[in-house]
Structure formats: structure tokens, C-alpha cells
Amino acid sequence: KPGVIFVGATYLGRDLGPRISARLSTGLTADCTSLDIDTENNNLMMTRPAFGGNLMATIVCADHRPQMATIRPGVFEKLARDASRTCPVEKVTVNLKESDIRTKTVDIVKVASVLADIGEANIIVSGGRGVGSKENFALLERLAATLDGVVGASRAAVENGWIDKAVQVGQTGKTVRPT
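**Student:** Break down the overall build of the chain for me, citing the residues and quoting the values.
**Tutor:** When its secondary structure is counted, the chain shows 3 helices and 8 strands. Overall, the chain shows an N-to-C arrangement of helices and strands of β-α-β-β-β-β-β-β-α-β-α. Radius of gyration (C-alpha) of the chain: 20 Å, far over the 16 Å computed for a compact globule of 179 residues. Along the longest, intermediate and shortest principal axes, the C-alpha atoms of the chain span 55 × 45 × 40 Å. Among the 179 residues that make up the chain, the fraction classed as buried is 28%. In the form shown here, the chain has an accessible surface area of approximately 13,300 Å², with 53% of it arising from carbon and sulfur atoms.

**Student:** How would you summarise the nonpolar core if you had to cite specific residues and measurements?
**Tutor:** Counting residues in each nonpolar core, the largest one holds 16 residues, and the members touching the most others are Phe137, Leu140, Val151, Ala153, Ala157 and Ile163. Within the residue set of this core, elements represented by two or more residues are helix H2 (137–146), strand S8 (150–153) and helix H3 (155–159). Contact partners of valine 151, with chain neighbours within four places excluded, come to Ile118, Ile124, Val125, Phe137, Leu140, Glu141, Ala144, Ile163 and Val167. Formed by 6 residues, the second largest nonpolar core is a distinct cluster that contains Cys32, Leu44, Cys61 and Ala69.

**Student:** Run through the pattern of salt bridges, naming residues and quoting values.
**Tutor:** Between side chains of opposite charge, pairing is possible as soon as their charged atoms come close. Counted by the stated rule, this structure contains 3 salt bridges. With its nearest N and O atoms 3.6 Å apart, the salt bridge here joins arginine 155 to glutamate 159. Within this pair, arginine 155 and its partner glutamate 159 are both found in helix H3, separated by 4 residues, close to a single helical turn. Among the residues examined, arginine 155 registers a relative accessible area of 44% and is labelled partly exposed.

**Student:** Any chance you could break down the packing of aromatic side chains for me, citing the residues and the numbers?
**Tutor:** This model, assessed by the stated rule, comprises 2 aromatic pairs. Here phenylalanine 6 and phenylalanine 76 contribute two aromatic rings whose centre-to-centre distance is 5.7 Å and whose plane-to-plane angle is 45 degrees, an arrangement assigned as tilted. Here the residue phenylalanine 6 occupies a position in strand S1 (residues 4–8), and phenylalanine 76 occupies one in the loop between strand S6 (67–71) and strand S7 (124–127), the gap between them amounting to 70 residues. The class for phenylalanine 6 is partly exposed, based on a relative accessible area of 40%.

**Student:** Let's hear about the side chain of aspartate 31: which residues, and what values?
**Tutor:** Relative to the elements of secondary structure, aspartate 31 occurs in strand S2 (residues 29–32). We classify aspartate 31 as buried; its relative accessible area is 13%. Not counting chain neighbours up to four residues away, the residues in contact with aspartate 31 comprise Ala9, Arg14, Arg48, Pro49, Thr70 and Arg72.

**Student:** Can you break down the environment of cysteine 61 residue by residue, with the values?
**Tutor:** Relative to the assigned elements, cysteine 61 resides in the loop between strand S5 (55–60) and S6. You can call cysteine 61 buried: its relative accessible area is 12%. Residues cysteine 61 and leucine 96, spaced 35 residues apart in sequence, show a C-alpha to C-alpha distance of 33 Å. Residues within four places of cysteine 61 in sequence aside, it is in contact with Thr26, Gly27, Asn43, Leu44, Met46 and Gln67.

**Student:** Give a description of the sheet that holds S2 that names residues and reports values.
**Tutor:** Taking strand neighbours across the sheet as the criterion, the 3 strands line up as S1-S6-S2 in an open arrangement whose pairing is parallel. The open sheet is flanked by S1 and S2, the only strands paired with a single partner. Averaged over all pairs of adjacent strands, the angle between their axes in this sheet comes to 25 degrees, without regard to strand direction. As judged from the 5 bridges shared by S1 and S6, these two strands associate in the parallel manner. Bridge pairing links valine 7 to threonine 70 in S6.

Rules and cut-offs
Residues numbered from 1 in each chain as written. Predicted model: local features only at pLDDT ≥ 70, side-chain atom pairs only at ≥ 80, totals over all residues. Heavy atoms only, no water. Helix = DSSP H or I, 4+ residues; strand = E, 2+ residues; numbered from the N terminus. Rg over C-alpha atoms; globule rule 2.2 N^0.38 Å. Buried < 20%, exposed > 50% of the residue type's maximum accessible area, 1.4 Å probe, protein only. Areas by Shrake-Rupley, 256 points an atom, 1.4 Å probe, with all protein chains shown as cover. Core = buried A, V, L, I, M, F, W, Y, C linked by side-chain atoms within 4.5 Å. Contact = heavy atoms within 4.5 Å. Salt bridge = Lys/Arg side-chain N within 4 Å of Asp/Glu carboxyl O. Phe/Tyr/Trp six-rings, centres within 6.5 Å; stacked < 30°, edge-to-face > 60°. Pairing = 2+ DSSP bridges. Axes fitted to C-alpha atoms, helices over the stretch in contact; angles between N-to-C directions.

Listed below in C-alpha cells is the structure:
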């Protein structure tokens, strides 16, 4: 009976989180960038961008438990390793029959990609219509390599065919974690 469940806002987490919240008949606040607790009533205050990032909305799930949120990468700071900390591990035996599984993998198609995941990047060098051409994105790639970052692009640059949609940032592309 947890009071709060956090799920990483990864591809898997964005698929898993809503399924869990539906099964538990509770709400889910997606892509949170800030969290706080109202100590008076133990409500989790989940903040996320709204209206294309022009506004920050704080959402409270006051009437249902557990409170759930998907959390963008970089929101929590990684703790230093502490060998004195312990955590009990509970092994659970799962007995699934083939009839319990409702989906079946028919085929796996891998698409070759040399593009970095901009959602996980610390530094993004992004360009748009002002870059002027596909060839000019090479300048941004060199700068990104120098800064140990990745290249991102606006929707206009993607629509012009200058760069792959996988690196599109902004409201209609990938959402980038805050720094």
C-alpha cells in the first residue's frame, strides 16, 4: 500500500505508468520536473510544464492513493554510494501460463540509427530554419561534438528534410529535461 509511486519518464515508463495507474484506479501526473510534499495532508505536489512549456502547473492527487508521477531524467540527484545502507529484497514467484499473456511478439525489426537520444543528453546544440540548409547542420554537429553534446532541431528544420525527426525538440518533438 504505497502512498506514492514514481516511474521514470522513459519510453518504457511512459507506457508502464499509465497502465499501473489505471489498474490502481488512481491518477498519474506525467513528465514532472519538480516535486514537493504538503506536510499538512501528505499530498504530493507534482509540477510539470503546461501549454508548451509557457506555464508550470502544480497538480495534486488529493482523493486517491497511491499518488503517481512519471519523473523526467535529471530531476533527482544521484546519491553517493553508501555501503552501510541495506535494503530488503523480496523474491516473488510468478506463475504465468501462456493463456495469461495477451500479446505476442510476431517480429522484431531493428532500424539502424547513429542518433543519440536527445532526451538523455546534458548538452543539446539545436538549430532551426535559421541554419539555412542541411549542409549547415554539419557546423552544429562539430560544435556538439566539441561540447560532448548532441544535435537537436526545430520542427521547421525537420520538415525541410535537413535532419531526422528523432532529434526534434520542443512542443511537437522530444521534451528535454531541465538543467
